[in-house]
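Here are the chains, one letter per residue:
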Amino acid sequence: MAATIKTADELEKMRIAGRLAADVLEMIAPHVVKGVTTDELDRICHEYMVNVQQAIPAPLNYHGFPKSICTSINNVICHGIPSNKKLKDGDIINIDITVIKDGYHGDTSKMFTIGKTPIRAERLCKLTQEALYLGMEQVKPGATLGDIGHAIESFANKYNLSVVREYCGHGIGKVFHEEPQVVHYGHQGTGMKLTEGMCFTIEPMLNLGKRHSKLLQDGWTVVTKDRSLSAQWEHTLAVTADGFEVFTARSDEPWFKQA
Ligand code: MF3
Ligand code: CO
Ligand code: CO
């Protein structure tokens, strides 16, 4: 159980990759509307990453994943495959973007709502974002992975939301998914101690119903077993001398720095 510590040079590359991934989410936002297919969103993102950013969409062909982004609608927890299905009024959708630039990965996702969404769906999306932020705020040298998981789990419990356990955040760098595993539940003061230069994602998946998941026949799509709605938000961050740096901050977030 070891985490790689990034050099200043590597952190700069993570900064660039993270910024590009965040830019894709900002670019795609106006296209995420009723009637658009997730294939169309995939195509627009793919072309932007490849042609504008000159970056590589990490999901494409990753362990055989067939598309360049993940699109997870309503009861889909994560790893939804873009298809010819159209977004409809009231849907919630997670778009998960991972780019590789100069050999390093930036990984981030957020929820979008389509038209008039039910209040409980809106609330799930908002609270899951808040859960991510609470997890991130634990990050500093000397804190533990358990502190992150505990912050997320206790917040979710307070609002009667369940935390998916089968999928987690991860170390990231030259490798898409590396050690450590960053689970979104746990106990304060347990697990790996965080040290300066570690880079990982936090990406809580919270459900309105029970926490249990099911993998569909396509080998990728993960859904809630009870068909309840699920939401996820993700950032890539580094442990700094006195806290954390968010590589994938968007312009509407407090950690955003003008390039
Ligand atoms: N981006 C996802 C994550 O947050 C992983 C997607 S892997 C894929 O870790 F193959 F489904 F694209
Ligand atoms: Co990730
Ligand atoms: Co991701």
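Calculation notes
Residues numbered from 1 in each chain as written. Chains lettered and ligands numbered in written order. Predicted model: local features only at pLDDT ≥ 70, side-chain atom pairs only at ≥ 80, totals over all residues. Heavy atoms only, no water. Helix = DSSP H or I, 4+ residues; strand = E, 2+ residues; numbered from the N terminus. Rg over C-alpha atoms; globule rule 2.2 N^0.38 Å. Buried < 20%, exposed > 50% of the residue type's maximum accessible area, 1.4 Å probe, protein only. Contact = heavy atoms within 4.5 Å. Donors = N, O, S within 2.8 Å, 3.2 Å for Na, K, Ca; no water. Tetrahedral: all angles 85-135°; square planar, octahedral: opposite > 155°, others 65-115°. 1 Å grid on protein atoms, 1.4 Å probe; cavity = no way out; pocket = protein on both sides within 12 Å on 5 of 7 lines; lining within 4 Å. Points joined across faces, edges and corners; volume = space filled by probe spheres on them. Nonpolar A, V, L, I, M, F, W, Y, C, P; charged D, E, K, R; others polar. Salt bridge = Lys/Arg side-chain N within 4 Å of Asp/Glu carboxyl O.

Here's the deal with the overall build of the chain
The secondary structure content of the chain amounts to four helices and 15 strands. For 259 residues, the compact-globule estimate of 2.2 N^0.38 gives 18 Å, and the C-alpha radius of gyration of the chain, at 17 Å, lies within 12% of that figure. C-alpha extents for the chain along the principal axes are approximately 45 × 45 × 35 Å. The buried share among the 259 residues of the chain stands at 56%. The long-range fraction of contacts in the chain, counting pairs at least 24 apart against all pairs at least 6 apart in sequence, stands at 70%.

Comments concerning the coordination of the cobalt ion (ligand 2)
Within the protein, D107 (OD), H170 (NE2), E203 (OE) and E234 (OE) serve as the donor atoms for the cobalt ion (ligand 2), at 2.0 to 2.2 Å. In this structure the cobalt ion (ligand 3) is found 3.4 Å away from the cobalt ion (ligand 2), and D107 serves as a bridging donor for the pair. Separated by 96 residues along the polypeptide, D107 in strand 5 (residues 104-113) and E203 in the loop between strand 9 (199-202) and strand 10 (205-207) bring together distant segments of the chain.

Some thoughts on the coordination of the cobalt ion (ligand 3)
Taken together, the protein ligands of the cobalt ion (ligand 3) are D96 (OD), D96 (OD), D107 (OD) and E234 (OE), with distances of 2.1 to 2.3 Å. Bound by six donor atoms, the cobalt ion (ligand 3) shows angles of 59 to 167° at the metal and therefore irregular coordination geometry. Donor residues for the cobalt ion (ligand 3) sit on one chain with the sequence pattern D-x10-D-x126-E.

What to know about the environment of I100
By secondary structure assignment, the location of I100 is in strand 4 (residues 92-101). Separated by 83 residues in sequence, I100 and A17 have C-alpha atoms that sit 6.3 Å apart. Sequence-distant contacts of I100, defined by excluding residues within four places in its chain, comprise A55, I56, A58 and H105.

Description of the layout of surface pockets
Each pocket or cavity is described by its volume, and for the largest pocket that value is around 420 Å³. Lining of the largest pocket is provided by 23 residues; of these, Y62, H79, Y167, H170 and H177 occupy positions nearest its centre. Only strand 4 and strand 7 (169-171) provide two or more residues apiece to the lining of the largest pocket. Counted by class, the lining of the largest pocket contains 10 nonpolar, eight polar and five charged residues. The calculated volume of the second largest pocket comes to roughly 220 Å³. Along the walls of the second largest pocket sit 15 residues, with T71, I73, V76, K85 and T221 positioned nearest its centre. Considered class by class, the residues forming the lining of the second largest pocket number five nonpolar, seven polar and three charged.

A closer look at the pattern of salt bridges
It is possible for side chains bearing opposite charge to pair when their charged atoms get close. Evaluation of the coordinates by the stated rule reveals 12 salt bridges. For E12, the salt bridge is made with R15, and the minimal N-O distance between the two is 2.7 Å. Taken together, the residues span about one helical turn, with E12 and R15 both in helix 1 (residues 8-28) at a distance of three residues. Overall, E12 belongs to the partly exposed group, its relative accessible area being 38%. A salt bridge links D252 to R250, with the shortest nitrogen-to-oxygen separation between them at 3.6 Å. D252 sits in the exposed class, given a relative accessible area of 57%. If you follow the salt bridges from partner to partner, you end up with E12, R15, E245 and K257 in one network.

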